[in-house]
Every structure is written in structure tokens, then in C-alpha cells.
Amino acid sequence: MTEPSGETAPEAVEPADRPGTAEEPGTDAEPGADEKPGTAEEAGPTEESDMDEKPEAGREPGSDEKPEASEEPGSDEKPEAGEQPGGEPGAGEQPGGEPGAGEQAEAAEGAAAPGVSEAQAELAAQRELRARIEARKAEKSGPVTSGAKLSGTAADLLAAVRAVEGGAASGGTFYEAPEPAPRRPAPEAAPATTVRPPAPERTSAPAPGATAAVREVLAKGGAPEALAGQVAAALGENAAAALSEDPWQLLAVSGVRPEQADGFARALLGAACGPADPRRTVALTVWLLERAALQGHTALEIQAVRAGLAGHGVPDPEQAVETAVSEGAVLVFQEEETAEPEPDDDTESAEEPARPAAEEPAAPVLLGLDRYALAEESLADGLARLVKTATAQPWEGSELERAAGAHGLVLHTGGEASRAEPVALAAAARERGLRTLVAVHADGGRRALAAAGTEAVTVAALLSGAAGPGRDEEGALALDLLVVLDAPQLDVETGALLVESLPDGCRLVLSGDPEVLGAPGAGRVFADVLAARVCPRIASRVPDPGPLGELVSGIGVGELNQVEAPGKEVVIVPVRDAGEAVHRTVQLVADSVPRAIGVPPEQTQVVTVGHGGSAGTRALNAALKQRLNPGPGRFGGYDPGDRVAYAPAPGRTVTGTVLSADAEGLRLRCGDDELLVPREAVESSLRHGWALTAHQAAGARWPAVVVVLPGDAAGGLSRPWVYTAFGRAERHLSVVHGVDQALARAVAEGVAPERTTRLRPLLEALLAADEE
């Protein structure tokens, strides 16, 4: 029904810019022949050169001269532009990852409920329990004027949101998280890393009777009966009754669009429903916030929600928002502004007099879902707890070591080479007798550290209990220091669970590159903590080496520099259209890179902008499978030997290879582990993995990377995207370049959209005064 979760905030792809032109290829060449090494910009025209000639420099991408093109073996036969694989899930998704109408039609026909692991179910149950226990209403000292038809809690909530909008009150006054309960210190002795077998993944399947009842309701409303399993899983045991009473609850199923829910409601309710139906407006409000979470937001400004409701035909968006708040479907916030430091007298400009306090703009009113509100507040409280309970110690060593000894929370920033610094900190801490652990985002990063002699675990494995230290009776990890690499990939819910698991007095070091793409889930934990300035921030001075390091470092500051690449570390392959981009990508992976660079196809990763489009992951994976591992796709479109990308949970992608299939599902080899993908989860959580998006590839690196930039991908480019994609390469980077000047513009101007979150003001309110 939907795409496997591995990318959350894909940029929308605008209409294709005119791709750069190229001369008709005429020779068989490897990278470095007439593909232009030594620059990340599109090569200008040159006369044909031999492999021994030095790469030419100084040409801007998309220059008026025609770039010289090269030909790989078999270039006389080009795949048609827009070719799509027939058996991959979600074939209707639009470029950039946005589901389209075709995907929704497919979704309505045969999606199965995704698998949920035992650990994930337990964590979800814990969050639900906390949500029920924690107070969510304000103590009001006097009578509250409310709507004529509302009373009690509903009237209080409605009055509260009106007060916030009018500036008479702050949203924080009626939604406050309680102080965290004190934790006992962790046990004195525990192994640094205890690897356990992964918990068996079990599908949280609804009862057969509940599914059958939902199927009847769906059939009555003209909806595909195949959605019954997902509806029952989303709405619970009484799903059939809930759906009959409120047909717009169908929007709780991932991939269902408002127009589809409207048609279902009309079929069930007839004239009894309309655009202003409160059930519809509440469901749409929640749906808009869920969609925003897919783009990384944990909340939205109230005006944006009202505009979204108006765009879906709601006649009174303001009343619709008030109804959603009064019913408790969404929460309203207005953070108090923290005081800015007063400027020095000698630096204050006479031309810009200070604005009177009455003219200072109020903080925007935000709407959010309780799951993200709870996560952000829990994360802020947990970080504040670590800061306040750590005992300062005079550690000798590097700047990072001294900061970690003196503080409970430390941030470390830098590129790929700088990862050695927090790893060295962890080693020094172990020598001091501290229980220390290094955690990474992707399993590929764990394997890379293991090859260098450093033991590490993934954050997902640590939280699930598959790896890491034991826990005490209160659930805290037996750790004195946790070092988290790839910290920008932490979403707010994962960050909250991680910090909640640390005992009082534990030190936390978050390390990562702030220039990479943000977390695949909602929130921007690392960026918010950096911006809050409530703990030491250590910036690494270790540069990334070689031509690739020079190229990526320049991109980070907005410059697409020409670099010298004597070893063919960087190669530009100009193409004219998406069909040629697919053709040349296959030749690079299968022939040119192995022959000229010495990297086999299984160690070469293709990265592109989105899943859809004529040169998205679907089209590229279909072409690469046909060349590298042809087969009939006997097991749900897959054959033994296929490279795959598996999403066991939203926002987490694991790459591997298909081993076999049986009645239980597909068996994969992922690094050193074997995984079973249940047969009912294959369609929703698995795709071929020769080509990934940059979000899916973040946190991992490969010896060789081929970045594909077809003309229709220009609208999806940004500086963080280019920085992340180019930075996945260790030894060699080929850029299949068809976006003309869009690449240079994206690097110079393409800043990724800001995410609306609440973590920064929450942290500032808790810790800014203490930091002073």
C-alpha cells in the first residue's frame, strides 16, 4: 500500500529542467576516459582524450558548450525513459517519494499490515501508558467562558486555545509534563556489550472476527476489502463499529487520501454527511498533522492547519480547529520566548533603534499530536536530567574528553574523518573503568567500526534489547557513558526512548555532521540541541582527506569546487535524458567501475533522488536486476541473490541480500545476520536495494557510489541532499549528471526546508538559566 519506510522528508520534484546536452556516444570507455574526472561540476566540451591524459578542470556545469559524453558497452540499446519495474510495491508514487493516485489505487487492493516486533509493541504500550497517566489539562482558577454547546473538559480546552490565540495565555500553561521520577543509579558491574539473539518479529495481527467485521463495513462503503487488516490494526478490536460511526477514521490507514475517505463516507452515510461534518474536520486535522510528521515536523502553525483544511473544502477552518482541540484530538501550544542577550552599547546601530516591547512578535500558536508532544517534552526532561545529575570530573586528554568529563551532555560536530574523536573518547573512558558504549544509526556503520577494531551497536538494536548492556530493575541501561554517532539521524521519538533509558549520572555524547540530511522521522533532535546552546559544543578540526573529502567539504559551505582526481576518485558522466541516465548507471555499476576502479558491483551503491520517476529507485532497480541478477521474481518479485532494502520499522532501512524463501517469508542476509521478512510484510517493507534514496543511504558508506541526477530530479535537490549523497562514497564517486545548472544552484542556494519543532524552546526553558 505504501512505500517501505526509509525516507521521511523527500523534497518534491518540480517539472524537469532542461537536461544538459551531450554528443552522441561513440566509443566504449571507462571512468576517466571521456567521462570527466576531477570536478563535481558538469564538464565542458573537450577533444577526445586518452585514459593517460590528466583530467581537465575549470568547467562549470551546464555551460553553453556541449559536454563530451562517453559510451559504455552495449550503449546502442537504450532503455525507454520512464520504464518501471512491474513487481515492485507502490508503483504509483510520484518523484520525490510522494504517494500518487496510482499508488493509492494499488494500496487499496492488496496491502498487508506491516510487522511489529515484540520490543516495538512493548515500547508503544509504554508510551500509551505514560500518555494516560500524565496530566493533560490545566488547573483553572476561575470560570472559563466557552462555547454554548460545550462543557467540562471540552469547554476548558476551547477557552484555552482562544486565550492562547488572543495572547492572553501561553500554551505551556495548560500542557506541562510532570517532573521525571528519580532513577536509581545503575548497577556497579555490567558487561560493556552483551549481544543477544534478536527478538522474534511477530505480526500484531487483529482477531479474525474483527477483520471480518471490518471487511463487511468496507464492502458496504465500496472500499477495497483488502484494507481490512490495516484498518483493524489501526483502529483496534472495535474497528468495525468505529468505522461505521465515523467513516473518516479510514484516514488512519497509511496511504488513504481525503477524497477516498470522503467517497467511503458518502457511500455509508448518504445525505447525513457533508464538508463541515465535525467527524470529517477532526479526522482531516489529525491527517494534516500526520502528513506534516512525514516531512519532519512535530507541530504546525495554526494558520497552516487552517489553510490545509480550507484546501480540502472545510467551510469554517477556524471552527474545525477549535473542535479538534476541544475533543482532544490535537494539542495547542505557544512557547514562551526566551530573552535574547542585550547587545553591547558600542555595537548597537543608530539606524535600527530597538523596537518597543509591545511590538515584539508573539511566539506562533502551534498544533500538534500528543505522541510527538509527549516525546519532545520527555526528551527535554531527560536531557536536563542528564545535565543536572552528572558529576563533574577533571578528565585529561583531548578537548572532547575534557568536556565529557565535566558535563553530562556534550555535542560533537564534524565530517566522516572526525568520527575517530568520539571513538577515541569511548576507548579512553573504558580505560578509566567506565561502562561505555558506542551506538550508530546504520548497520553498515557498525560493521565499518568493527573492521577498525571498535565494538558498536545500532540504536535500534540497543533499544530493542538485541544488543547492548543489561538493564536494571527500573529499565535503565547499565552505562556510564553513551556515545551516539550519526546523531542527526535521531528522530524525536527514538531520541526520547534512548534518553529515557539512561540512568542518572550517565554521560551522553551526541556526535554527527550537521550538514547531512535530517532524521527520517519527525523532529530534528541534533539540530535543536545545537541551536539551544545549553551544553558544550566541540567542533572537530579534522578535515576529510583526499579529493572526495575536498569536494564534500566545499559542498558543505555552498561551493561546488573543482577538485583534482588523479586516481579517478570523482567522475562526471553527462547524460541527455532519464533513459540514458538509467542505461549509463547500469554500465557504470556492472562494467566501468569494476574494471577501472576495482570495486565489484556488490560494493557499489546507486543513490538517486526519489522512488518514482523515470530514473528513480524503481526504474534503476529493475534495470540493475535485469543486468546483475536476472530472474523471474519467483518469491513476490524477488530471487535469491537480489540486493534488497528492508524497512523493519519506519525510518530505518537495512540493506541485504535475498537468501531463500519458504512458507514463513523471505530470508535475508544483512551483514553477519540472517533476517526473516514475514510473507505478509514483504510487499509493504521490502524493495530492491541496488538503488536507494539519500535518506535511506544516510549513516552508511560504500567503496563506490553512483549518484544519479536525471533532469526530472532537479526540484528535489538541496545542499544537504547533495552533501549526503556525495558523502556516501569512500573511494570513488560517479555522478550521472543530467540536471544542467540545477546542481550548482542547489549547492549554492538549496537550503533544506526548516522543520517546525518544540524541542529547542523546551530545552532553553529548562537549561538556559543553568548554563548561564
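Residues numbered from 1 in each chain as written. Predicted model: local features only at pLDDT ≥ 70, side-chain atom pairs only at ≥ 80, totals over all residues. Heavy atoms only, no water.

This next bit is on the overall build of the protein. Of regular secondary structure, the protein possesses 25 helices and 22 strands. For the protein, with 772 residues in total, the buried portion stands at 53%. Just so you have it, the protein exposes about 32700 Å², and 50% of that area is on carbon and sulfur atoms. (Helix = DSSP H or I, 4+ residues; strand = E, 2+ residues; numbered from the N terminus. Buried < 20%, exposed > 50% of the residue type's maximum accessible area, 1.4 Å probe, protein only. Areas by Shrake-Rupley, 256 points an atom, 1.4 Å probe, with all protein chains shown as cover.)

Attention now moves to the pairing of strand S10 (residues 481-484). Both faces of S10 are covered, namely the face carrying Leu-481 and Val-483 and the face carrying Leu-482 and Val-484. Looking at chain direction, S10 and strand S11 (residues 507-512) are connected through four bridges and run parallel. In the sheet register, Leu-481 faces S11, and the bridge partner there is Arg-507. The β-α-β motif built from S10, the intervening helix H16 (residues 492-500) and the parallel element S11 has right-handed crossover chirality. (Pairing = 2+ DSSP bridges. Right-handed = clockwise from strand over helix to strand, strands pointing away.)

Core analysis: the largest hydrophobic core is formed by 88 residues, its most contacted members being Leu-218, Leu-367, Leu-482, Leu-508, Leu-510 and Val-529. Per-element accounting of this core gives the leading share, eight residues, to helix H8 (residues 278-294). Discounting chain neighbours no more than four positions away, the residues touching Leu-218 are Ala-223, Pro-224, Glu-225, Leu-227, Ala-228, Leu-243, Leu-250 and Phe-264. One finds Val-705, Leu-709, Leu-717 and Val-722 within the second-largest nonpolar core, a separate group that totals 39 residues. (Core = buried A, V, L, I, M, F, W, Y, C linked by side-chain atoms within 4.5 Å. Contact = heavy atoms within 4.5 Å.)

Even without being a glycine, Lys-568 presents a positive backbone phi close to 60°. Structurally, Lys-568 is set in the loop between helix H18 (546-556) and strand S13 (570-574). Taking relative accessible area as the criterion, Lys-568 reaches 18% and is therefore assigned buried. Unlike most non-glycine residues, Asp-740 shows phi in positive territory, near 55°. Mapped onto the elements of the fold, Asp-740 is located in the loop between strand S22 (729-737) and helix H24 (742-749).

Here six strands make up an open sheet; going across it, the order is S9-S8-S10-S11-S7-S12 and the pairing parallel. Looking along the sheet, the strands with just one partner apiece sit at the ends: strand S9 (457-458) and strand S12 (537-539). With respect to the sheet, helix H13 (residues 420-431) is in contact with strand S7 (409-413), strand S8 (436-440), S10 and S11, its orientation differing from that of S8 by roughly 155°. Strands in contact with helix H17 (residues 525-532) are S7, S11 and S12; relative to S7, the strand with the most contacts, it is inclined by about 110°. (Axes fitted to C-alpha atoms, helices over the stretch in contact; angles between N-to-C directions.)

What follows covers the confidence of the model for the protein. Of all residues in the protein, 69% have pLDDT values of 70 or greater, and the mean over the chain is 77. Below pLDDT 50 for its whole length, residues 135-154 participates in 25 contacts with residues either more than four positions away or in separate chains. Low confidence marks residues 170-203, where pLDDT is under 50. Its contacts with residues over four positions away, or in another chain, come to 85 contacts. (pLDDT = per-residue confidence, 0-100.)

With respect to the helices and strands, Asp-513 occurs in the loop between S11 and H17. Buried within the structure, Asp-513 lacks any salt-bridge partner; its nearest side chain of opposite charge belongs to Arg-728, at an N-O separation of 6.5 Å. Those residues within four positions of Asp-513 in sequence are excluded, and the remaining contacts are Gly-414, Gly-415, Pro-488 and Tyr-723. (Lys, Arg positive; Asp, Glu negative; His and termini not counted. Salt bridge = Lys/Arg side-chain N within 4 Å of Asp/Glu carboxyl O.)

Looking now at the pattern of salt bridges. When the charged atoms of two side chains with opposite charge come close together, those side chains can pair. For the structure on display, the rule yields 24 salt bridges. A salt bridge links Asp-528 to Arg-524; the shortest N-O distance between them is 2.8 Å. For the salt bridge of Arg-627 with Asp-591, the shortest nitrogen-to-oxygen distance reads 2.7 Å. Taken together, the residues span a long stretch of sequence, with Arg-627 in helix H20 (residues 617-628) and Asp-591 in helix H19 (residues 578-597) at a distance of 36 residues. According to the relative accessible area criterion, Asp-591 is buried, its value standing at 15%. A network of salt bridges, in which partner residues are shared, links Glu-416, Arg-701 and Arg-728.

Their axes nearest at 9 Å, the elements helix H12 (residues 399-406) and H13 cross at an angle of 55°. Taken together, the axes of H12 and H13 are oblique relative to one another. Relative to H13, the crossing made by H12 is right-handed. Contact residues: Leu-400, Glu-401 and Ala-404 in H12; Glu-421, Pro-422, Leu-425 and Ala-428 in H13. (Parallel < 35°, antiparallel > 145°, perpendicular 65-115°, else oblique. Left-handed = near helix turned anticlockwise from the far one by under 90°.)

What follows is about helix H7 (residues 258-269). Between its first and last C-alpha, H7 extends 16 Å over 12 residues, near the 16 Å set by a 1.5 Å rise per residue. If you check which residues of H7 are buried, you get Pro-258, Ala-261, Asp-262, Phe-264, Ala-265 and Leu-268. Buried positions in H7, seen along its axis, are confined to an arc of 165° and lie on one side of it. Of the residues trailing H7, Gly-270 is marked for its positive phi of about 65°. (Expected span 1.5 Å × (residues − 1). Arc of directions from axis to C-beta.)

In this section: H13. For an α-helix the count is 3.6 residues per turn, leaving residues at separations of three or four pointing the same way. Given a rise of 1.5 Å per residue, 12 residues ought to cover 16 Å, and the 17 Å separating the end C-alpha atoms of H13 matches this to within 8%. Residues of H13 that are buried: Pro-422, Val-423, Leu-425, Ala-426, Ala-428 and Ala-429. Looking one or two residues past H13, Gly-433 carries a phi angle of roughly 90°, positive in sign.

Before going further, it helps to examine the environment of Val-570. Along the chain, Val-570 falls in strand S13. Here the alpha-carbon distance between Val-570 and Leu-733, two residues 163 residues apart in the chain, equals 4.9 Å.

Here we come to the pairing of strand S16 (residues 652-662). Sheet topology places strand S15 (residues 643-649) next to S16; five bridges connect them, and they run antiparallel. Looking at the pairing, Ala-645 lines up with Thr-655 of S16. The turn linking S15 back onto S16 is made up of two residues, and Gly-651 within it adopts a positive phi angle of 85°. The pairing of S16 with strand S17 (residues 665-670) spans five bridges and is antiparallel. For Ala-661, the partnering residue across the bridge sits in S17 and is Leu-666. The hairpin formed by S16 and S17 contains two residues between the paired strands.

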